[in-house]
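In case you want the letters, here they are:
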Amino acid sequence: MLTMTNVKKVFRTDLVETHALRDFNLQVDEGEFVAVTGPSGSGKTTFLNIAGMLETFNGGTYQLDGKDVSHLNDNQRSRLRNEKIGFIFQSYNLIPDLNLFDNVDVPLRYRGFDAKTRKQRIEESLEIVGLANRMKHLPAQLSGGQQQRVAIARALAGKPRFLLADEPTGNLDSEMAQSVMELLKNINKSGTTIVMVTHDPLLAKQATRNIFVKDGQVSEIEDVIPMHVANA
Amino acid sequence: MLELGPIFRALLRNKVGAVLIAIQVAFTMAIIVNSVSIIYERSQETKRPSGIDEENSFFINSSGFGTNFGAKATINKDLEDLRALPGVIDAVQINAIPVSGGGWSMGLQTEPGAEHDGIGLAVYMVDEHGLGALDVELLAGENFTASDIRWRGNAESSWPDKIIITQAMANRLFPDVDYAQTVGKTVYINDNEPMIISGIIDKLQAPWVGWNNVENAMLSPEYLERDAVRYFIRTEPGRRDELMKTVEEMLAQNKERVIDGMRSIEYVRERSYRSHTAMIKILTTVIITLTIVTSLGIVGLASFSVNRRKKQIGIRRALGATKRDVLRYFMVENFLISTVGVVLGACLTIGLNIVLVNALSLTPMDWYYIPIGMLVLCLIGQIAVFGPAKRATNIAPATATRTV
Ligand SMILES: Nc1ncnc2c1ncn2[C@@H]1O[C@H](COP(=O)(O)OP(=O)(O)OP(=O)(O)O)[C@@H](O)[C@H]1O
Ligand SMILES: [Mg+2]
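Conventions adopted
Residues numbered from 1 in each chain as written. Chains lettered and ligands numbered in written order. Predicted model: local features only at pLDDT ≥ 70, side-chain atom pairs only at ≥ 80, totals over all residues. Heavy atoms only, no water. Helix = DSSP H or I, 4+ residues; strand = E, 2+ residues; numbered from the N terminus. Rg over C-alpha atoms; globule rule 2.2 N^0.38 Å. Buried < 20%, exposed > 50% of the residue type's maximum accessible area, 1.4 Å probe, protein only. Lys, Arg positive; Asp, Glu negative; His and termini not counted. Charge placed at Lys NZ, Arg CZ, Asp CG, Glu CD. Domains from an automatic or database assignment. Contact = heavy atoms within 4.5 Å. Pairing = 2+ DSSP bridges. 1 Å grid on protein atoms, 1.4 Å probe; cavity = no way out; pocket = protein on both sides within 12 Å on 5 of 7 lines; lining within 4 Å. Points joined across faces, edges and corners; volume = space filled by probe spheres on them. Nonpolar A, V, L, I, M, F, W, Y, C, P; charged D, E, K, R; others polar. Arc of directions from axis to C-beta. Buried area = accessible area lost by both parts, 1.4 Å probe. Salt bridge = Lys/Arg side-chain N within 4 Å of Asp/Glu carboxyl O. Polar contact = N/O pair within 3.5 Å; in protein donor to acceptor, adjacent residues only side chain to side chain. Near = heavy atom within 4 Å. Phe/Tyr/Trp six-rings, centres within 6.5 Å; stacked < 30°, edge-to-face > 60°. Lys NZ or Arg CZ within 6 Å of the ring centre and 35° of its normal.

## Some thoughts on the overall build of chain B
- Regarding its fold elements, chain B presents 12 helices and 12 strands.
- Against the compact-globule benchmark of 22 Å for 404 residues, chain B has a radius of gyration of 32 Å, which places it well outside the compact range.
- When its C-alpha atoms are laid out on the principal axes, chain B stretches across 105 × 50 × 30 Å.
- The burial tally for chain B puts 50% of its 404 residues in the buried class.
- Positive and negative charge centroids in chain B, built from 40 and 42 side chains respectively, lie 24 Å apart.

In structure tokens form, the structure reads like this:
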């Protein structure tokens, strides 16, 4: 359902050209839980941004659900992102001025759902992450783990086919990280395809597939993470 | 999707800037709307007709001296000469000039006795040529005849027994009677001295343009028997300037007197309304300045809040907001601030108007100034916020993942 063929991404500044992705090839099938690892600066976030249509790319093709998205304009990409993709970020990225209810509401409003549908979905997804009783709280009143759960609820509320997570446990201690991981595994079991970037080999191991990114390319695809990657 | 609720709740968490801008909008509205109302009132006043043929009229002063100078004889000869000049429609000796700023006023009352209040009016002393020279229309009654005109000496304190008044004055004196029916009625001057209204004219303003009773005037049938007198001359259209020269030269031939102070009515009108014109200019400057300052305030607050919320905007974009959604967010937010501002502004506007009406005896503003002012200020806000909001739409969605 996600197919990247020879995708290239070049960042140009006045001084340097950075080839963040070079001939990046990857196929992710429906229902997979893919963990992406790799050294810092290898292009993991770049890959995720392109997969989520947050950034454009310079060459190759990217098909999402069988549809070539390279030629979509900004508006169409926003729509598609809103409909098909849920994002989870390392630093949670909740909107500090809004309470949990309004935070989860954000993507639903852009989707154009009516108030009743939105309310129902917000309550449902906050229920899934176990924070339904905190709806009127502000993000600052929650722990990091709880905030990331709200972010997951926000990503889930629109019922996306795809969940993209960039180091979702990077700011959490191992216990909280594991509980977030359990949540993601459950979400995956109920049918959502997940691609997660992580530095933690123990978490990566729990995914259904591991890929290793190095120098802007997928260098290895393994079902079980090998030791030399874990030490990298 | 207007997002009113979340935008409003988010605003409540960052009140200070928004509240300050709302207050600024409120004060700006109060001052602008009152200024516009004053400007409108003043500019209407400057456009009021005085009733006379301003374009084609002028006046000139003559001051006699020397032992051989005879006031009566000079006045008679001057009037005869002036009226005989080709191009002169009519000329009169007069004590004061409409809209000039200087003149005589008296009070008239419908009942005799000091216990009754008189209604103020301007007094113009003219002979039977007054109507023609001043270009006023007789609506009812009769003009003076030559035999009605008396000579008023320097020490004279009594008044003639008939007068012609303006329609506005007739309506003030007898509010319940049609003005035409006031001809023949007796009114009292100096508390007890009776005068009969012999005619009604359409319009003749007093010399003082800011006076409440500016439309009240009377013609009194008399010549002033004095050495220093004034003549009012009305010419055929387009011949005023030419005749001003001719008249000056003609009157100057009599070496027993000095001729001076010749002015066109256009000149005195401009001079009389100069403070109005100045006030209009000042208030216009105030309006423009305030609009700019308030717009800058809005631009400043919006730019600041766009910068502060860069990350948040990136997150919204990542969650599916289009550029239009981002633009709308800031426009709606500004609209909410403006709405609070103009509601507060409406109260301030009314308050300020009440103060101004009492302090400067203005007429209260029309109600529709308020909703129009509210709309205009909201519009100014929307225009001012557009630039920063447009910049916000250029924040990349990747801001969500690229910055911490
Ligand atoms: N906006 C940008 N402008 C210029 N270079 C960039 C930009 N974003 C990323 N890069 C460069 O592209 C390369 C890939 O970056 P990317 O963020 O994808 O790495 P990453 O694998 O996510 O690293 P990390 O594990 O540290 O998050 C890096 O060399 C980075 O410096
Ligand atoms: Mg990264």
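## Things to note about the domain arrangement of chain B
- Splitting chain B by domain gives domain 1 (4-47 + 274-401) and domain 2 (70-255).
- Here domain 1 of chain B and domain 2 of chain B have C-alpha centroids that lie 53 Å from each other.

## A few points about the environment of G31(A)
Residues and elements named next belong to chain A.
- Along the chain, G31 turns up in the loop between strand 2 (17-28) and strand 3 (33-37).
- Residue class for G31 comes out partly exposed when judged on its relative accessible area of 33%.
- Beyond its immediate chain neighbours, meaning those up to four positions away, G31 contacts N188 and T193.

## Description of the pairing of strand 8 (residues 186-189) of chain B
Residues and elements named next belong to chain B.
- Two strands pair when backbone bridges link them, and strand 3 (residues 104-109) and strand 8 are joined in this way by two bridges, in the antiparallel orientation. Counted as the bridge partner of L108 is I189 from strand 8.
- Pairing of strand 8 with strand 9 (residues 193-201), which is carried by four bridges, proceeds in the antiparallel orientation. By the bridge assignment for strand 9, Y188 is matched with P194.
- The antiparallel pairing of strand 8 with strand 9 creates a hairpin that spans three residues between the two strands, and N190 there sits at a positive phi of about 50 degrees.

## Quick notes on the layout of surface pockets
- What the largest pocket holds in volume is close to 350 Å³.
- T45(A), Q90(A), D166(A), E167(A) and T401(B) are, among the 21 residues lining the largest pocket, the residues nearest its centre.
- Mapped by element, the contributors of at least two residues to the lining of the largest pocket are helix 1 (44-51) of chain A together with helix 12 (399-402) of chain B.
- Residue composition of the lining of the largest pocket, by class: four nonpolar, 12 polar and five charged.
- If you add up the space inside the second largest pocket, you get close to 300 Å³.
- Taken together, 15 residues form the lining of the second largest pocket, with E41(B), E45(B), G210(B), N212(B) and S361(B) sitting closest to its centre.
- No other element matches helix 2 (residues 15-47) of chain B, which puts four residues into the lining of the second largest pocket.
- When grouped by side-chain class, the residues that make up the lining of the second largest pocket number five nonpolar, six polar and four charged.
- There are two domains that each give the lining of the second largest pocket at least three residues, and those are domain 1 (4-47 + 274-401) and domain 2 (70-255) of chain B.

## As for helix 7 (residues 265-272) of chain B
Residues and elements named next belong to chain B.
- Taken residue by residue, helix 7 has I265, V268, R269 and S272 as its buried positions. Along helix 7, the residues classed as buried sweep out an arc of 105 degrees about the axis, all on the same side.
- Looking at the buried residues of helix 7, the elements they touch are helix 2, strand 1 (57-64), strand 11 (228-235), strand 12 (257-264) and helix 8 (274-308).

## Quick notes on the interface of chain B and chain A
- Facing the 25 residues of chain B at the interface are 30 residues of chain A.
- Between chain B and chain A, roughly 2,600 Å² of surface is buried when both sides are summed, and carbon and sulfur atoms account for 55% of that area.
- The three residues of chain B that bury the most area against chain A are L319(B), T401(B) and R402(B), which together make up 23% of that side's buried surface.
- Taken together, the links from chain B to chain A amount to three salt bridges.
- A salt bridge links E55(A) to R402(B), with the shortest nitrogen-to-oxygen separation between them at 3.3 Å.
- For the pair chain B and chain A, the interface holds 14 residue pairs in polar contact (both at pLDDT 80 or more).
- Elements that contribute at least two residues to the side of chain B that touches chain A include exactly helix 1 (4-12), helix 9 (310-318), helix 10 (323-360) and helix 12 of chain B.

## Regarding the site of ligand 1
- What surrounds ligand 1 is a group of 14 residues, the closest being S40(A), K44(A), T45(A), T46(A) and R402(B).
- Among the chains of the assembly, those with residues near ligand 1 are chains A and B.
- Between ligand 1 and the protein, one listed contact pairs an oxygen atom with a backbone N or O atom of G43(A) at 3.0 Å.
- The set of elements that each furnish at least two residues to the shell around ligand 1 consists of strand 2 and helix 1 of chain A.
- With three residues, the top contributor of residues to the shell around ligand 1 is helix 1 of chain A.
- Residues of the shell around ligand 1, tallied by class, amount to three nonpolar, eight polar and three charged.

## Some details on the pattern of salt bridges
All names here are of chain A.
- Within the structure shown, the criterion is met by 34 salt bridges over all chains.
- The partner of K159 in a salt bridge is E124, with the nearest N and O atoms 3.7 Å apart. Of the two residues, K159 is situated in the loop between helix 5 (144-157) and strand 7 (162-166) and E124 in helix 4 (residues 115-128); the sequence distance between them amounts to 35 residues.
- Taking relative accessible area as the criterion, E124 reaches 35% and is therefore assigned partly exposed.

## Description of the packing of aromatic side chains
- Applying the stated criterion across every chain yields a total of seven aromatic pairs over all chains.
- Here the aromatic rings of F24(A) and F47(A) are separated by 4.8 Å at their centres, their planes lie at 25 degrees, and the arrangement is stacked. Here F24(A), found in strand 2, pairs with F47(A), found in helix 1; they are 23 residues apart in sequence, far enough to count as distant. Each of the two residues, F24(A) as well as F47(A), counts as buried.
- An aromatic cluster of three or more residues is present, and its members are W367(B), Y368(B) and Y369(B).
- Its guanidinium or amino end placed over the ring of W159(B), R152(B) lies 4.4 Å from that ring's centre, counting from NZ or CZ.
- Just above the ring of F174(B) sits the side chain of K185(B); from NZ or CZ to the centre is 5.4 Å.

## Overview of empty space enclosed by the protein
All names here are of chain A.
- Under the criterion given, the structure shown has three cavities of 30 Å³ or more.
- For the largest cavity, the calculated volume is near 80 Å³.
- Every residue lining the largest cavity is counted, 15 residues in all, and those nearest its centre are N82, I85, P107, R154 and A155.
- Secondary structure elements with two or more residues in the lining of the largest cavity: helix 2 (74-84), strand 6 (85-88), helix 3 (100-111) and helix 5.
- Here the residues of the lining of the largest cavity sort into seven nonpolar, three polar and five charged.

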